[in-house]
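Understanding the architecture of this molecule
So you can see what is in the structure, the chains are spelled out below.
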Amino acid sequence: MSSPDPLLFAVESRAREEGFELAPAQRAVLGQMARALAGGAARGVYVYGPPGRGKSWLADALFAALPDGRATRVHFHGFFDDLHRRIQTHRSEPDATTRALDDVIGGSRAVFFDELHVHDPGDARLLTRLLERIAERGCTLVATSNYAPRDLLPDPVWHHLFVPGIALLEAHLDVVRLDGAVDYRTRESDHTSGFRAGVWSTASPPVALTAPKRLSVRDRVFTVTSAAERSMIATFVQLCDSPVTPAEYRHWSAIYRHWTLTDVPPLDEVGPAAQQRFMNLIDVLVDADVRLDVHSAVDLEAFLSRAAGRPDAFRMASRLRLLRRG
């Protein structure tokens, strides 16, 4: 039975158009999100749980159902990329960070923050300042995460740096867990477009027919195996074992809609920085729904098994299992 609430009805209708019905737990979380947004209440909702349970889908569908200008949506990597650029824009002004945060939030009364996670102490400070600014402005925050608030920035050496941020989350948001036995991402059978169209393969990669390509992003230059029209081919070393940031991945994801990543080693054979860049790359390409073909020395399950000790490995596994096996 459809809900009489216009926001809930819009989200439920979108689910039916995509061929499924919301599970009872999803409907309950959706109702709590919608109630938080009704009337512009400042108290928000923090929804966490395992990957693939529908957290991001619900938030995106609810955001799409709101009138234009009512809310701002940010994704983890996009938020920090935009914020750093805007801080540079305001660097000669008093309190450049606050001005940059106001630019990111805009005139919205609600902020949707998708895939909230914290592993870097620098990110922890900026994210805490965002939470403070949202509270100061009386905005409603709807956040999704794989982590309960107290599990954010889990490294015991740095965890204390995000304790103020955790306190803000728990003071201003209702914390709700969305769980279930089914990873809905793995049930999607359409592999004709976007990230799901990609393949994880142990076969030899395609031979580049052109010379290596130099790509410029702002004032930085990077070399990849080839790049033409809407496709890019690059090695793991070029994209992940080199000083490439999520800002570059995001920039290229808007230009190249089919990526081929070659010579991918088992993740435990490279350093922590390269491991983190690979995981950032997967996050960005899933969010941008870009096709990714991976050519690795090991099959996917062996790769995931050897990466299991990494923070966020469970999130990466959920995403990579969307790929077909080649």
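Residues numbered from 1 in each chain as written. Predicted model: local features only at pLDDT ≥ 70, side-chain atom pairs only at ≥ 80, totals over all residues. Heavy atoms only, no water.

1. Quick notes on the packing of helix α4 (residues 76-89) against helix α9 (residues 246-253)
- Remark: α4 packs on α9, axes separated minimally by 9 Å, with the N-to-C direction vectors making an angle of 105 degrees. Judged by the inter-axis angle, α4 sits roughly perpendicular to α9. Here His-77, Gly-78, Asp-81 and Asp-82 of α4 come into contact with α9, specifically with Pro-246, Ala-247 and Arg-250.
- Across the contact of α4 with α9, the residue classes tally to two nonpolar, two polar and three charged. (Axes fitted to C-alpha atoms, helices over the stretch in contact; angles between N-to-C directions. Helix = DSSP H or I, 4+ residues; strand = E, 2+ residues; numbered from the N terminus. Parallel < 35°, antiparallel > 145°, perpendicular 65-115°, else oblique. Contact = heavy atoms within 4.5 Å. Nonpolar A, V, L, I, M, F, W, Y, C, P; charged D, E, K, R; others polar.)

2. Side note on the sheet that holds strand β13 (residues 324-325)
- Within the open sheet, the six strands sit side by side as β9-β10-β11-β12-β6-β13. Their pairing is mixed. Edge positions in the sheet fall to β9 (226-228) and β13, since each of these pairs with one other strand and no more.
- As defined by bridge partners, strand β10 (residues 231-235) adjoins strand β11 (residues 258-264) across five bridges and the pair is classed as parallel. Counterpart to Met-232 in the pairing with β11 is Trp-259.
- Docked against the sheet, helix α10 (residues 272-288) engages β6 (199-201), β11 and β12 (291-296), running at close to 160 degrees with respect to β11. (Pairing = 2+ DSSP bridges.)

3. Thoughts on the nonpolar core
- Within the largest apolar cluster, 42 residues are counted, with the highest numbers of intra-cluster contacts made by Leu-239, Trp-252, Trp-259, Phe-278, Phe-303 and Leu-320.
- In terms of residue count, α10 provides more of this core than any other element does, eight residues in total.
- Discounting residues that sit within four places of it in the chain, Leu-239 has contacts with Val-224, Met-232, Ala-234, Val-244, Tyr-249, Trp-252, Trp-259, Leu-261, Arg-277 and Leu-281.
- Counting residues in hydrophobic clusters, the runner-up holds 34 residues, among them Ile-105, Leu-130, Ala-148 and Leu-173. (Core = buried A, V, L, I, M, F, W, Y, C linked by side-chain atoms within 4.5 Å. Buried < 20%, exposed > 50% of the residue type's maximum accessible area, 1.4 Å probe, protein only.)

4. Describing the packing of aromatic side chains
- Within this structure, the stated rule accounts for twelve aromatic pairs.
- Measuring from centroid to centroid gives 5.7 Å for Tyr-147 and Phe-314, while their planes differ by 70 degrees, and the two rings are edge-to-face. With Tyr-147 in the loop between β4 (140-145) and α7 (163-172) and Phe-314 in helix α12 (residues 313-320), this pair connects stretches of sequence that are 167 residues apart.
- Among the residues examined, Phe-314 registers a relative accessible area of 37% and is labelled partly exposed. (Phe/Tyr/Trp six-rings, centres within 6.5 Å; stacked < 30°, edge-to-face > 60°.)

5. Section: empty space enclosed by the protein
- Within this structure, the stated rule accounts for three cavities of 30 Å³ or more.
- The computed volume of the largest cavity comes to approximately 60 Å³.
- Around the largest cavity, the lining residues are His-117, Gln-276, Met-279, Asn-280, Ile-282, Asp-283, Asp-312, Arg-315, Met-316 and Arg-319.
- Secondary structure elements with two or more residues in the lining of the largest cavity: α10 and α12.
- For the lining of the largest cavity, the element with the highest residue contribution is α10, accounting for five residues.
- Looking at the lining of the largest cavity residue by residue, the classes come out as three nonpolar, three polar and four charged. (1 Å grid on protein atoms, 1.4 Å probe; cavity = no way out; pocket = protein on both sides within 12 Å on 5 of 7 lines; lining within 4 Å. Points joined across faces, edges and corners; volume = space filled by probe spheres on them.)

These values are about where atoms sit, not about what they do.
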